[in-house]
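# Structural characterization, general
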Amino acid sequence: MLAYTMKRLMAGVITVWFIATATFVAMHMVPGDPLMNDKAVTAEIRKNLEIKYGLDKPVGEQYLIFMGNMLQGDFGISFTQQNRRVNDIIRDHFPVSATLGVLALFFATIGGVVWGALTAVYRNRLPDIIIMFMVILGISVPSFVFAALGQLLLVNINSALGFSLVPVAGWGTISHMLMPSLVLGLSTMALLTRLMRSSMLEVINEDYIKTAKAKGLSPLRIFFKHQLRNAILPVITILGPQIAAITTGGFVVELVFAIPGLGRYFVQAVQQLDYTVIMGTTVFFGAFLVLMVILVDILYGFIDPRVRLQ
Amino acid sequence: MSDRILEVDNLSVEFATYGGTVKAVRGVSFHVNRGETLAIVGESGCGKSVTVQAIMGIIPMPPGKITGGSARLNGKDILGLPAKQANQFRGVEIGMIFQDPMTSLNPTMTIGDQISETLMVHRGLSYKDASALAVQLLDKTKIAEAAKRAKQYPFEFSGGMLQRAMIAQSLACNPAVLMADEPTTALDVTIQAQILELMAELQRTENMSIILITHDLAVVARMADRVAVMYAGQIIESGSVDDIFYRSSHPYTLGLKEAMPSNKGDRDKKLSPILGSPPDLFHPPVGCGYFARCPYAMKVCEHQQPPEYLLAGDTTHQARCWLQHAGAPVNKRLYQTGANHAD
């Protein structure tokens, strides 16, 4: 188990290095640079700024300097935001995005498992048909549409009540987090529902369910102890990649709900070619996702003993 | 009468499929005496598994449906009970083991936990007591280092070991009947012999009845006291193991015997298979199910179902074949006791 974890972590480090290098190359191949904004009005000022930020050096050297700093955990200073270190931007805003993401994932997983199990129990009957219709909606409608609809719903509720029960936008309290995380988790929830449904239907035809029945166990016990636990395995497998989908999907939802998350800075940085912020946030997100996937794999081992010993 | 532990009468089971209704079991009657082994033999799809699974109430309904008949365990009707009542005999009075031990145990639970689960549910034991008893049960089925093995998962067991564990699990509550649905089909021959030996031994020590479903006549000869031969959803011949092997009274039983390889020297003798294929159970034949393949078929066989004939001079040997009718022609290969033959 330890050797397995170490191996996965090593592979993870290589992945992150690859992400960093690819981002660096892609960024420098895009025409223009961060100094093309209004700051560098004359050639002289531009030259001074280039020296200040090290942009006068050859690209290869810049890469080495960047990698060296990154190894020490320093992503440098933002080009566009006055005197703001990239590390500070991440430290200030990532917790917001992470909270949103974790909450969304929580909704998605609980919802997916519960709805999926329900549809399997009511297979081909009305509850199944209704839920599966919603699932198709959830998968095909983009999150910004749900975000806008969610806000509209909140506005209507609040104005009907005459006071603000759940805030429409902003960040701070738990009630602020409810709607955006629900919206953010919706498509994942729909996906997990489908997965859980087919997985449940597969497990119910397994021989060991027949054995459990022949043992004289109650339907409830068979459902929870024999069917659910085995059916949930594929759901856990897909959770790793889904964390990626949720964190990247979060950018749009953060924008609609005016949430001060890291997503906004990431998008802004790409638009303004803010080299250090692009690099910092990309590498950070990449490392975060790689870590999540590894964590999920380890978690999988706890639920499925067959994975544990290999 | 009192030593009949399980009595099944005229059981019929159907399955609704997209292609229509499959009449999988068409009026099956048999009984099992206390402490004996009844073998139910027949080719794939003849309804032998469905029969026992219907008795256990574990066929999925829908699409399955029990359309008639009864099953009495110690005189109590047990057919088609709702889960709550059925669970008073499932795993308690009737234990069951299945064909493929590799897939018949929950892959995410330890062997010990799966056995103790039965004990906790039916006997109300604490987890600790049940676990200790589970180890004893594994020991009883001759699994070495039972205590260590109980903490392992199915994927850490071999096929033979898993079938032993399955047997241990089914014996947890000392059932009066053990239903074994092709228990050795998925195992190799040496392991088969071990498992059969174990079952025979446990039958003696626990004094239980065994219903053994198989398509292996060698297994039948070795294990069974009585045999029921099934074909196309019906029992076409039943009797003691000697009756079936030495006094075969149905052409199908004869066909099965001839299709079996022997180790008696005549190596050059070719096996003679039963030609044709079993009837379509979407539209079961009006007459005898074996009509189309039977070398001795008569006109009456096509249009009328043969009744179950009790062979003269015997109380248990029955055959569902017109050739046992008093007016039927004499057939030298079949055991007949009809009037014509007696002349």
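The paragraphs below set out a description of the structure included in this document.

Rules and cut-offs
Residues numbered from 1 in each chain as written. Chains lettered and ligands numbered in written order. Predicted model: local features only at pLDDT ≥ 70, side-chain atom pairs only at ≥ 80, totals over all residues. Heavy atoms only, no water. Helix = DSSP H or I, 4+ residues; strand = E, 2+ residues; numbered from the N terminus. Buried < 20%, exposed > 50% of the residue type's maximum accessible area, 1.4 Å probe, protein only. Polar contact = N/O pair within 3.5 Å; in protein donor to acceptor, adjacent residues only side chain to side chain. Contact = heavy atoms within 4.5 Å. Pairing = 2+ DSSP bridges. 1 Å grid on protein atoms, 1.4 Å probe; cavity = no way out; pocket = protein on both sides within 12 Å on 5 of 7 lines; lining within 4 Å. Points joined across faces, edges and corners; volume = space filled by probe spheres on them. Nonpolar A, V, L, I, M, F, W, Y, C, P; charged D, E, K, R; others polar. Buried area = accessible area lost by both parts, 1.4 Å probe. Salt bridge = Lys/Arg side-chain N within 4 Å of Asp/Glu carboxyl O.

### A short note on the side chain of Thr 253 of chain B
All names here are of chain B. As for its position among the elements, Thr 253 is in helix H10 (residues 251–258). Taking the relative accessible area as the measure of exposure, Thr 253 reaches 3% and is therefore buried. A polar side-chain atom of Thr 253 sits 2.7 Å from a polar atom in the side chain of Glu 237. Apart from the residues lying within four places of it in its own chain, the contact partners of Thr 253 are Val 229, Ile 236, Glu 237, Ile 244 and Ser 248.

### Digging into the pairing of strand S4 (residues 64–73) of chain B
All names here are of chain B. For strand S1 (residues 4–17) and S4, the ladder comprises 8 bridges, and the chain directions are antiparallel. The residue of S4 that forms the bridge with Glu 14 is Lys 65. Where S4 folds back on strand S5 (residues 76–77), the antiparallel hairpin that results is connected by 2 residues, among which Asn 74 adopts a positive phi of roughly 55°.

### Focus: the layout of surface pockets
Taken as a whole, the largest pocket encloses approximately 1200 Å³ of empty space. Lining the largest pocket are 33 residues; nearest its centre among them are Arg 123, Ile 204 and Lys 213 of chain A together with Pro 60 and Met 61 of chain B. When residues of the lining of the largest pocket are traced back to their parent elements, those giving at least two are helix H4 (86–121), helix H7 (174–204), helix H8 (207–214) and helix H9 (219–231) of chain A. For the lining of the largest pocket, a count of residues per class yields 21 nonpolar, 5 polar and 7 charged. Approximately 470 Å³ is the volume found for the second largest pocket. Taken together, 16 residues line the second largest pocket, and the ones lying closest to its centre are Phe 245, Met 260, Pro 261, Ser 262 and Lys 264 of chain B. For the lining of the second largest pocket, the secondary-structure elements that each account for two or more residues are helix H8 (217–223), helix H9 (241–246) and H10 of chain B. Here the lining of the second largest pocket takes 4 residues from H9 of chain B, the largest share from any one element. When the residues that make up the lining of the second largest pocket are grouped by side-chain class, the tally is 8 nonpolar, 2 polar and 6 charged.

### Re the interface of chain A and chain B
On the side of chain B, 28 residues touch chain A, which itself brings 23 residues to the contact. Here chain A meets chain B over a buried area of about 2200 Å², counting both sides, of which 57% is carbon and sulfur. Three residues stand out in chain A for area buried against chain B, namely Lys 210, Ala 214 and Lys 215 of chain A, and they jointly supply 26% of the buried area on that side. Between the two partners, chain A and chain B, sit 2 salt bridges. On inspection of chain A and its partner chain B, the count reaches 16 residue pairs in polar contact (both at pLDDT 80 or more). Secondary-structure elements contributing two or more residues to the side of chain A that touches chain B are H8, H9 and helix H13 (305–308) of chain A. Of the residues in the side of chain A that touches chain B, the class split is 8 nonpolar, 5 polar and 10 charged.

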